[in-house]
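Here is how the chains run, residue by residue.
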Amino acid sequence: MKTEFSLAQLADPDIAEADKILRACVHCGFCTATCPTYVLLGDELDSPRGRIYLIKEMLEKDQAPTADVVKHIDRCLSCLACMTTCPSGVNYMHLVDQARVQIEQRYRRPLTERLLRQVLAFVLPDPQRFRVSMWLARLVRPLGVLLPTPRPAATPGLIQRIKAMLALAPDRLPPAGPAAGSVFAALGKKRGRVALLQGCAQQVLAPRINQAAISLLTRHGIEVVLVRDEQCCGALTHHLGNDQDALARARANVAAWRKEMVGEGLDAILVTTSGCGTVIKDYGYLLREDTAFAADAARVSALAKDITEYVAGLELATAARADDIVVAYHSACSLQHGQKITGLPKELLSKNGFVVKDVPESHLCCGSAGTYNILQPELAGRLRDRKVANIASVKPDMIAAGNIGCMVQIASGTSVPVVHTIELLDWATGGARPALNAQV
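None of the values given here were measured: they were computed from a predicted structure. (Residues numbered from 1 in each chain as written. Predicted model: local features only at pLDDT ≥ 70, side-chain atom pairs only at ≥ 80, totals over all residues. Heavy atoms only, no water.)

## Brief notes about the overall build of the protein chain
Okay, step 1: In terms of regular secondary structure, the protein chain is built from 24 helices and 9 strands.
Okay, step 2: Computed over the C-alpha atoms, the radius of gyration of the protein chain is 21 Å, within 12% of the 22 Å expected from 2.2 N^0.38 for a compact globule of 440 residues.
Okay, step 3: Based on the C-alpha atoms only, the size of the protein chain along its principal axes is roughly 60 × 55 × 40 Å.
Okay, step 4: Of all 440 residues assigned to the protein chain, the portion counted as buried reaches 55%.
Okay, step 5: For the protein chain, long-range pairs separated by at least 24 residues make up 75% of all intrachain contacts whose partners lie at least 6 apart in sequence.
Okay, step 6: Of the roughly 18600 Å² of accessible surface on the protein chain, a fraction of 56% belongs to carbon and sulfur atoms.
Okay, step 7: Positive and negative side-chain charges of the protein chain, numbering 49 and 43 respectively, have mean locations separated by a distance of 4 Å. (Helix = DSSP H or I, 4+ residues; strand = E, 2+ residues; numbered from the N terminus. Rg over C-alpha atoms; globule rule 2.2 N^0.38 Å. Buried < 20%, exposed > 50% of the residue type's maximum accessible area, 1.4 Å probe, protein only. Contact = heavy atoms within 4.5 Å. Areas by Shrake-Rupley, 256 points an atom, 1.4 Å probe, with all protein chains shown as cover. Lys, Arg positive; Asp, Glu negative; His and termini not counted. Charge placed at Lys NZ, Arg CZ, Asp CG, Glu CD.)

## Some points on a nonpolar patch on the surface
Okay, step 1: A contiguous nonpolar surface patch, about 610 Å² in accessible area, is contributed by Val132, Leu136, Leu139, Val140, Leu143 and Leu146.
Okay, step 2: Mapping Leu146 onto the fold places it in the loop between helix H9 (127-140) and helix H10 (158-168). (Patch = residues over 30% accessible without salt bridge, like charges linked within 9 Å, V, L, I, M, F, W, Y side chains within 5 Å. Salt bridge = Lys/Arg side-chain N within 4 Å of Asp/Glu carboxyl O.)

## Notes on the sheet that holds strand S4 (residues 268-271)
Okay, step 1: Taken together, 5 strands build an open sheet; the order of strands is S1-S3-S2-S4-S5 and the sheet is mixed. Either end of the sheet is taken by a strand with one partner, and the two such strands are strand S1 (183-184) and strand S5 (304-306).
Okay, step 2: Taken together, the 3 bridges between S4 and S5 define a ladder with parallel strand orientation. Counterpart to Leu270 in the pairing with S5 is Lys305.
Okay, step 3: The strands touched by helix H12 (residues 208-219) are S1, strand S2 (192-196), strand S3 (222-225) and S4; relative to S3, the strand with the most contacts, the crossing angle is about 150 degrees. (Pairing = 2+ DSSP bridges. Axes fitted to C-alpha atoms, helices over the stretch in contact; angles between N-to-C directions.)

## Focus on the pattern of salt bridges
Okay, step 1: For the structure shown, the criterion picks out 28 salt bridges.
Okay, step 2: Residues Arg258 and Asp296 are paired through a salt bridge, measuring 2.6 Å at the closest nitrogen-oxygen approach. Placement of the pair is Arg258 in helix H14 (residues 243-262) and Asp296 in helix H17 (residues 294-303), with a sequence separation of 38 residues.
Okay, step 3: Judged by its relative accessible area of 25%, Arg258 falls in the partly exposed class.
Okay, step 4: Residue classification places Asp296 among the buried residues on the basis of a relative accessible area of 19%.
Okay, step 5: A salt bridge links Arg386 to Glu361; its shortest N-O distance comes to 2.8 Å.

## What to know about the side chain of Lys56
Okay, step 1: Turning to its location among the elements, Lys56 is positioned in helix H4 (residues 48-60).
Okay, step 2: Given a relative accessible area of 14%, Lys56 falls into the buried group.
Okay, step 3: Residues in contact with Lys56, not counting those within four places in the same chain, are Met1, Lys2, Thr3 and Leu22.

## Observations regarding unusual backbone geometry
Okay, step 1: Phi at His27 takes a positive value of approximately 65 degrees, unusual for a residue other than glycine.
Okay, step 2: Its location among the elements puts His27 in the loop between helix H2 (13-24) and helix H3 (36-41).
Okay, step 3: Given a relative accessible area of 35%, His27 falls into the partly exposed group.
Okay, step 4: Here the phi dihedral of Leu80 falls at roughly 70 degrees; this positive angle occurs in a residue that is not glycine.
Okay, step 5: Positionally, Leu80 belongs in the loop between helix H5 (67-74) and helix H6 (81-85).

## Concerning the packing of aromatic side chains
Okay, step 1: Within the structure shown, the criterion is met by 2 aromatic pairs.
Okay, step 2: For the pair Phe354 and Trp427, a centre-to-centre distance of 5.9 Å together with 50 degrees between the ring planes defines the contact as tilted. You can see Phe354 sitting in the loop between helix H20 (343-351) and strand S7 (355-358) and its partner Trp427 sitting in helix H24 (residues 421-428), a full 73 residues away along the chain. Residue Phe354 shares its accessibility class with Trp427, and that shared class is buried.
Okay, step 3: The ring of Phe122 is capped by Arg129, whose NZ or CZ atom sits 3.8 Å from the centre of that ring.
Okay, step 4: The ring of Tyr285 carries the charged tip of Arg288 above its face, separated from the ring centre by 4.0 Å. (Phe/Tyr/Trp six-rings, centres within 6.5 Å; stacked < 30°, edge-to-face > 60°. Lys NZ or Arg CZ within 6 Å of the ring centre and 35° of its normal.)

## Focus: H5
Okay, step 1: Within the span of H5, buried status applies to Val69, Val70, His72, Ile73 and Asp74.
Okay, step 2: Buried-residue contacts for H5 involve H4, helix H7 (92-106), helix H8 (111-123) and helix H21 (372-375).

Written out as structure tokens, the structure reads:
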């Protein structure tokens, strides 16, 4: 793709990167076939190729985003299926992230939308605030039926988004998991030492996921530390276009992990929420211009691993079991497209006694995508229903996924138990059986 940035514009490292990305695009349109919003809406501007044209024009002309540009960028899930499909290696992730920052900085949204986004950015990354918000949502949810049914609109209104938030709130919350700073000793001979990301929403909604990871790791000789002063990875605010907040969180995490690395050392930084893992693996890029953090951020990105990547090297001690449990494996977009981890989780489940079924249209997003199922509830609901129908077609006993957002989204549309991959692997190697009524 030909670009027309001025030399002055190209002096900006972000614009120079955008220019490189845009020039890689050859307009082939392969991306449209795997883009969820294009599949649903059939609008070229709701495809990666269409959005690339919109972003190109906005950046080249140094224009404030128009309402139409914002509408189409907001509809993007950042599922990154287009990057898996693209034969030219276009880094759409970094390009659309730039567009979101431009929108956040230069476009004035309606007041109610600004307030909602500020509330999400304030509440979701903080486990204590998020826990309180979930209790409040549970109390208020019965009143949701009194809210009027909004008329269909190109951009969802506040009432529709509030209803979506209330619908996603769980009926009850589990007790909090172990505190930051906790260290779990290896059982038997120590084979390694890892940090386990505590997460923000996950530690409130499903602390059992990390507890299963700790159980499996320590049983296989790995010491696990929950690093003190760790924060939200920054993914939530990053995808809201709040770059300043996201980068501040990235720096805080790099500093916390650096202290641990130079102390007792770390073999890896493990992540059980693939949405977080994709962003942490990108810290090296995000902080590339920060001389104080660039080197350490690159080191953190190199150490970051999805839990299945690390577990695959442990030679798991599988307990004999002959119950032939059929597991539908949902491949989270952030795992299969963002981190290019596709077959490994399924191989681990199969090797450890489960009958693993591929889900039709596995490349398509479930509609969770961070805050997408709140900000774009109509599209998210359609994607969820399509995903659930595809899962039902393989008649599973359980559904496994590697991302808490996907788990919550899918569970809201099915009665089939939804569990994390690591919970099944822990159970298969001597840990506790996952609660089969677990819906997140």
